[in-house]
Amino acid sequence: MAEVILQHVDKTYPGGVKAVIDANLEIADREFVVLVGPSGCGKSTTLRMVAGLEEISGGTITIGGRVVNDVPPKDRDIAMVFQNYALYPHMSVFENMAFGLKLRRYPKEEIKQRVMEAAQILGISELLERKPKALSGGQRQRVAVGRAIVRKPAAFLFDEPLSNLDAKMRVEMRVELNKLHQRLSSTMIYVTHDQVEAMTLGDRIVIMEKGLIQQIGSPLSVYDEPYNQFVASFIGTPPMNFMDGKLEQAGAGIVFKDENGLVVPIGEDSAKKLTGHVGREVRMGIRPEHVHDQESATRLALAAPLTATVDVVEALGHEKVIYFSAGAHHFIGKLEAHVPVEVGQKIALAFDANKIHVFDKGSGKNLTCRVPQYQEADRSHETVKASA
């Protein structure tokens, strides 16, 4: 296996469209890293540059200690799994999995051994004689992964491999990919727009927007300490609640106050980071699971400063997702399943002061973030131009 390093990597298309801007990323040997972001953020372009399917406009890509800027895809010692499976319809499962090895003139016995081993790992041994048209979507994806496994590459690259599967099959394949990574101990780079896939699969996740890496970290650290408002809004389902207002001093503490007079106390640890921002216009953020009803608020000794109207109730069995409105404000909360709530009901809401995030309205930066951040793009450096 091998580490993969991107240093100041850029991709600019004809016409000046910047798809990837100053990407810096170190992926350790045997690490599972997920690139996640909305459509058009540059994640697939980044993956394709690592694979050699896209030329880089600047910077350096290193795989296993070797700079691969000018190395063709077939010589980079990587294997890629695509969204559309890319199986040959006239070939059997065995032939599809063996095809790349045959092109490289591996001995027949070794090809058979590698295919049988991969089929056993993926649980598709009984499908080896079938053609792709006789397989389900999940089975086809397993064959596509098996074709990559037989190569025994330095790194596996996955480009949204589960997006064509139904919800149940996506969950099953996520589990299978997790098991596969543990079994192979391989370097894996995975691209998805699905944050659930990112949070459940990655040792670390890389959040991208508009060609820029916004934050890198473990799923939990990114969720708990989003670097900016974009990351906070993108990671988490349902998304974080936001309110505009101002920071004010209140005795020894700091509170958030909106134009309608709603006052929300800020937790002590966060308040220490905000002492230089009193009087500033900000955007407050709070995740749905940190919005509490009166019963929960009393149990946690929280003040309930807001009365809201229940607009929608989504009963999910283990919990309820509630959509509230209070004047111009709209909130989403996650309440315990047993809490009696009905549409149109008035309900007192409390916010956990220790879980509040405060963002600068201009830059979107999280003023209460407590983890090291990925440095914003430094465009002053001289990029190393990739050769054609």
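Heads up: the structure comes first, above all this text.
None of these values were measured; they are calculated from a predicted model.

### Focus on the packing of aromatic side chains
And then number 1: Summed over all chains, the structure comprises seven aromatic pairs.
And then number 2: Centre to centre, the rings of phenylalanine 158 and tyrosine 190 are 5.8 Å apart; their planes meet at 35°, and the pair counts as tilted. Of the two residues, phenylalanine 158 sits in strand β7 (residues 155-159) while tyrosine 190 sits in strand β8 (residues 187-192), which places them 32 residues apart along the sequence.
And then number 3: We classify phenylalanine 158 as buried; its relative accessible area is 1%.
And then number 4: Aromatic ring contacts, followed pair by pair, group Phe32, Phe156, Phe158 and Tyr190 into a single cluster.
And then number 5: Cation over ring: arginine 287 sits above tyrosine 223, and NZ or CZ is 4.0 Å from the ring centre.

### As for helix α5 (residues 167-184)
And then number 1: For α5, built from 18 residues, the straight-helix expectation of 26 Å at 1.5 Å per residue is met to within 8% by its first-to-last C-alpha distance of 26 Å.
And then number 2: For α5, the set of buried residues is Met169, Arg170, Met173, Arg174, Leu177, Leu180 and His181. Seen along its axis, α5 keeps its buried residues to an arc of 145°; they face one direction. Exposed residues on α5 whose side chains face more than 90 degrees from its buried face are Lys168, Gln182 and Arg183.
And then number 3: Tucked into the core, α5 has its buried residues touching β3 (32-36), α3 (108-122), α4 (137-149), β7, β8 and α6 (195-201).
And then number 4: Structurally, the start of α5 carries an N-cap: the backbone nitrogen of lysine 168 is 3.3 Å from a side-chain oxygen of aspartate 166.
And then number 5: Serine 185 occupies a position one or two residues after α5 and carries a positive phi of about 50°.

### Considering the pairing of strand β16 (residues 306-315)
Each regular strand displays side chains that alternate between the two surfaces of the sheet.
And then number 1: With four bridges joining them, β16 and strand β19 (residues 346-351) adopt antiparallel strand pairing. Bridge pairing links threonine 309 to lysine 346 in β19.
And then number 2: Where β16 meets strand β17 (residues 319-326), six bridges bridge the pair, whose relative direction is antiparallel. Following the sheet pairing, glutamate 314 is matched in β17 by valine 321.
And then number 3: In this antiparallel pair of consecutive strands, β16 and β17, the connection spans three residues, and glycine 317 shows a positive phi of 95°.

### Quick word on the sheet that holds strand β9 (residues 204-209)
And then number 1: The sheet built from six strands is open, its strands ordered β6-β7-β8-β3-β9-β10 with mixed pairing. Strand pairing shows two members of the sheet lacking a second neighbour, β6 (78-81) and β10 (212-217), which therefore form its edges. Taken over all neighbouring pairs, the strand axes of this sheet differ in orientation by 15° on average, direction set aside.
And then number 2: Pairing between β9 and β10: five bridges, direction antiparallel. In the sheet register, glutamate 209 faces β10, and the bridge partner there is leucine 212.

### Brief notes about the pattern of salt bridges
And then number 1: Per the stated rule, a full pass over the model turns up 13 salt bridges.
And then number 2: With a shortest N-O distance of 3.7 Å, arginine 48 and glutamate 54 are connected by a salt bridge.
And then number 3: For arginine 48, a relative accessible area of 27% corresponds to the partly exposed category.
And then number 4: Here the salt bridges do not stand alone but share partners, grouping Lys11, Arg48 and Glu54 into one network.

### Examining the side chain of aspartate 159
And then number 1: With respect to the helices and strands, the residue aspartate 159 is situated in strand β7.
And then number 2: Arginine 48 is the oppositely charged side chain nearest to the buried, salt-bridge-free aspartate 159, at an N-O distance of 5.2 Å.
And then number 3: There is a polar contact of 3.0 Å between the side chain of aspartate 159 and the side chain of serine 44.
And then number 4: Setting aside residues no more than four positions away along its own chain, aspartate 159 makes contact with Ser44, Leu47, Met80, Val81, Phe82, Gln83 and Val191.

### Some remarks on the layout of surface pockets
Over the atoms rolls a probe the size of a water molecule, and in doing so it shows where empty space is left.
And then number 1: Roughly 530 Å³ of internal volume is contained in the largest pocket.
And then number 2: Lining the largest pocket are 22 residues, with Met80, Phe82, Arg104, Arg147 and Arg151 positioned closest to its centre.
And then number 3: The set of elements that each furnish at least two residues to the lining of the largest pocket consists of β6, α2 (93-103) and α4.
And then number 4: When residues of the lining of the largest pocket are assigned to their parent elements, the largest contribution, six residues, is made by α2.
And then number 5: In terms of residue class, the lining of the largest pocket is made up of 16 nonpolar, two polar and four charged.

The rules behind these values
- Residues numbered from 1 in each chain as written.
- Predicted model: local features only at pLDDT ≥ 70, side-chain atom pairs only at ≥ 80, totals over all residues.
- Heavy atoms only, no water.
- Phe/Tyr/Trp six-rings, centres within 6.5 Å; stacked < 30°, edge-to-face > 60°.
- Helix = DSSP H or I, 4+ residues; strand = E, 2+ residues; numbered from the N terminus.
- Buried < 20%, exposed > 50% of the residue type's maximum accessible area, 1.4 Å probe, protein only.
- Lys NZ or Arg CZ within 6 Å of the ring centre and 35° of its normal.
- Expected span 1.5 Å × (residues − 1).
- Arc of directions from axis to C-beta.
- Contact = heavy atoms within 4.5 Å.
- Polar contact = N/O pair within 3.5 Å; in protein donor to acceptor, adjacent residues only side chain to side chain.
- Pairing = 2+ DSSP bridges.
- Axes fitted to C-alpha atoms, helices over the stretch in contact; angles between N-to-C directions.
- Salt bridge = Lys/Arg side-chain N within 4 Å of Asp/Glu carboxyl O.
- Lys, Arg positive; Asp, Glu negative; His and termini not counted.
- 1 Å grid on protein atoms, 1.4 Å probe; cavity = no way out; pocket = protein on both sides within 12 Å on 5 of 7 lines; lining within 4 Å.
- Points joined across faces, edges and corners; volume = space filled by probe spheres on them.
- Nonpolar A, V, L, I, M, F, W, Y, C, P; charged D, E, K, R; others polar.

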